[in-house]
Amino acid sequence: RTVKATSGRQFFQPLQTLRAAEKELLPGYYDFEWQPALKNVSQDCRVGIIDGLAGWAASVDDSPADTITRRFRYDVALASALKDLEEDILAGLRERGLEDGAGTTHFNVMVKESCDGMGDVSEKHGGGPPVPEKAVRFSFTIMSVSVQAEGREEDLTVFREFKPNSELSCRPLSLMFVDESDHETLTAILGPVVGERDAMKNSRLLLTLGGLQRSFRFHFRGSGYDEKMVREMEGLEAAGSAYICTLCDSTRAEASSNMTLHSVTRSHEENLERYEVWRTNPFSESADELRDRVKGVSAKPFLETQPTLDALHCDIGNATEFYKMFQDEIGEVFRKPNPSREERRSWRAALDKQLRKKLKLKPIMRMNGNYARRLMTQEAVEVVCELVPLEERRLALRELMGLYIQMKPVWRATCPAKECPDQLCRYSFNSQRFAELLSTTFKYRYDGKITNYLHKTLAHVPEIIERDGSIGAWASEGNESGNKLFRRFRKMNARQSKAFELEDVLKHHWLYTSK
């Protein structure tokens, strides 16, 4: 509906017919300046799509980069995105009665950043390096623009993105053919982006809106990352590590014995300090003592992420866990601890068959957001309970799912205080009861272990919401939906050549997100 015109007229023109109207929507059209000027970033405003490896000085012993990457310069893209919101911002000023420009020159802009790897992107023919069949996309969303009115303490919001998780508001910044696990290449390509971002933090953008020059200060929040990406960017050990959480220092064993009482302590600065300790080992400790001192930080943090929880992957992770728990309950694992492979397989088959028959839920290889949404419902639990022999186990499963359904809106909602205030108030109570059930009735699964996302769901949600006001709004969902568009544009709207396809996709995707 959004990419194909229902009228039968194609509204994505072939590339060569981009008219003047569309040219001004792409970054690199408007003039702006930074005060003070950005460190190590050119002052040229008329910069469109650039090679993502630009500025990467390859030394003699470096292997050539096996990748193709295209991006916008971060500051140019932000200026263009703000120009695109010009009407909305001016309308917001009028609503606040501030349109005469009296003291409305200093704006604050909140930016959500997302980055995600995609598998199975087939390679095109043609010249150029052999690229991996993987891609990584880095995007940003302008979440809100507020103004510091004179004589007022707090900022007045003049623009707020109503659909922060839509692919329509998630603007592509950089596309690359890289495997997200290839840390060296990923950091080499994102390095300049991080450099531009750091430069922009200490500077203001001067841009003409509504005929007046205004200044904007940007606040970046890297919250649209799944746990794998956060761990990679922040220098933590991989997800199977004993240090279970990207928000606190808890170990898996601690998190399973004390499920709800933890507070968010990790931060980018702390990770950098800990990396230094790891690197220098100032107290000459053994490897184990040192690892315990730095709580699993073992690489140099590279990109600052917001210590939060990604609502989409939280949903997916918890659904995966419930799916396994359903199988265990069908097979009554609480009675006989170590079932054989065959038994497990038969329980899974029974569960899949039942879900397919009663809920029309097809079994899938990897859990995804849509499956998770349908599995985590009361009706799904009723269907599963038909296969669970004992009534008391059925009651426990129903209660567990009931609690989960009460908790979920709190970290899914864009604005929980408005959308589900009651559930927000009861969250801590519900999570305590949930944890109690896990550690008693379901002890066989959670004895000394717990999954990463269950820990976050139970322990950290209220604190993050108190700090940020929302978890759902800052999720990676918009970027994940953008992955679909990437595949689509690459098939339909890009030149069939390695060298050019990414810039065509980037250009089309940007136009698609333009208001």
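All values derive from a computational prediction rather than experimental measurement.

Colleague: Help me out: how do you make sense of the overall build of the protein in this one?
Modeller: Scanning the protein from terminus to terminus reveals 19 helices and 9 strands. The C-alpha radius of gyration computed for the protein amounts to 25 Å, which stays within 12% of the reference 24 Å derived for 515 residues, consistent with globular compactness. Expressed as lengths along the three principal axes of its C-alpha atoms, the size of the protein is roughly 70 × 65 × 60 Å. Residues classed as buried in the protein amount to 54% of the 515 residues present. In the protein, 72% of the contacts between residues at least 6 apart in sequence involve partners at least 24 apart. Total accessible area on the protein stands at roughly 23800 Å², and carbon and sulfur atoms take up 50% of it. For the protein, the separation between the mean place of its 75 positive charges and that of its 77 negative charges on side chains is 6 Å.

Colleague: Please explain the UniProt feature "domain: V(D)J recombination-activating protein 1 C-terminal" (unreviewed entry) in the protein as it appears in this structure.
Modeller: Within this structure's numbering, the places UniProt gives as "domain: V(D)J recombination-activating protein 1 C-terminal" (unreviewed entry) are residues 477-515. Along residues 477-515, the helical share is 82% and the strand share 0%, with 19 Å between the first and last C-alpha atoms.

Colleague: Explain the pattern of salt bridges to me, please; I cannot follow it from the model alone.
Modeller: In a structure, side chains of opposite charge can pair up when their charged atoms sit close to one another. Scanning all chains against the criterion turns up 45 salt bridges. Measuring nitrogen to oxygen at the nearest pair gives 2.6 Å for the salt bridge that ties E304 to K201. Here E304 is found in the loop between helix 8 (287-294) and helix 9 (311-330), whereas its partner K201 is found in helix 4 (residues 183-201), with 103 residues between them in sequence. E227 serves as the salt-bridge partner of R231, at 2.8 Å between the closest nitrogen and oxygen. Note that R231 and E227 are positioned in helix 5 (residues 227-233) at a spacing of 4 residues, about one turn of the helix. On the basis of relative accessibility, which here comes to 4%, the residue R231 falls in the buried class. Residue classification places E227 among the buried positions, given a relative accessible area of 6%. Look at the salt bridges and you will find they share partners, linking E113, R197, D198, K201 and E304 into a network.

Colleague: Would you explain the pairing of strand 8 (residues 204-209) in this entry?
Modeller: Consecutive side chains along a regular strand alternate between the two faces of the sheet. Strand 8 sits mainly inside the fold: 5 of its 6 residues count as buried. As judged from the 5 bridges shared by strand 8 and strand 9 (residues 212-224), these two strands associate in the antiparallel manner. Each bridged residue has a counterpart across the sheet, and for L209 the counterpart in strand 9 is L212. Counting the residues that bridge the hairpin from strand 8 to strand 9 gives 2 residues, and of these G210 lies at a positive phi of roughly 60°.

Colleague: Explain the packing of helix 9 against helix 10 (residues 341-359) to me, please; I cannot follow it from the model alone.
Modeller: Think of two packed helices as two axes; the pair is described by the angle between the axes and how far apart they sit. Put simply, helix 9 and helix 10 touch, their axes get as near as 9 Å, and they point 110° apart. Relative to helix 10, the element helix 9 is oriented roughly perpendicular. For the pair helix 9 and helix 10, the sense of crossing is right-handed. Here Y323, F326, Q327, D328 and I330 of helix 9 lie close against helix 10, whose contacting residues are R344, W347, R348, L351, D352 and L355. Classifying every residue of the contact of helix 9 with helix 10 by side-chain character gives 6 nonpolar, 1 polar and 4 charged.

Colleague: Would you take a moment to explain the packing of aromatic side chains for this structure?
Modeller: Within a pair of aromatic rings, the relevant descriptors are the distance that separates the centres and the angle that separates the planes. This model, assessed by the stated rule, comprises 15 aromatic pairs. The interplanar angle of 85° and the centroid separation of 6.4 Å between the aromatic rings of Y74 and F138 together place this pair among those described as edge-to-face. Placement of the pair is Y74 in helix 2 (residues 74-84) and F138 in strand 5 (residues 135-147), with a sequence separation of 64 residues. Ring geometry for F218 against F220: centres 6.2 Å apart, planes inclined by 20°, an arrangement best described as stacked. A network of ring pairs unites the aromatic residues W34, F72, Y74, F138, F140, F218, F220 and W510 as a single cluster. One cation-aromatic arrangement involves R393 over F334; the distance from NZ or CZ to the ring centre is 3.9 Å.

Cut-offs applied
- Residues numbered from 1 in each chain as written.
- Predicted model: local features only at pLDDT ≥ 70, side-chain atom pairs only at ≥ 80, totals over all residues.
- Heavy atoms only, no water.
- Helix = DSSP H or I, 4+ residues; strand = E, 2+ residues; numbered from the N terminus.
- Rg over C-alpha atoms; globule rule 2.2 N^0.38 Å.
- Buried < 20%, exposed > 50% of the residue type's maximum accessible area, 1.4 Å probe, protein only.
- Contact = heavy atoms within 4.5 Å.
- Areas by Shrake-Rupley, 256 points an atom, 1.4 Å probe, with all protein chains shown as cover.
- Lys, Arg positive; Asp, Glu negative; His and termini not counted.
- Charge placed at Lys NZ, Arg CZ, Asp CG, Glu CD.
- UniProt positions renumbered as here; feature names shortened; annotations may be inferred.
- Salt bridge = Lys/Arg side-chain N within 4 Å of Asp/Glu carboxyl O.
- Pairing = 2+ DSSP bridges.
- Axes fitted to C-alpha atoms, helices over the stretch in contact; angles between N-to-C directions.
- Parallel < 35°, antiparallel > 145°, perpendicular 65-115°, else oblique.
- Left-handed = near helix turned anticlockwise from the far one by under 90°.
- Nonpolar A, V, L, I, M, F, W, Y, C, P; charged D, E, K, R; others polar.
- Phe/Tyr/Trp six-rings, centres within 6.5 Å; stacked < 30°, edge-to-face > 60°.
- Lys NZ or Arg CZ within 6 Å of the ring centre and 35° of its normal.

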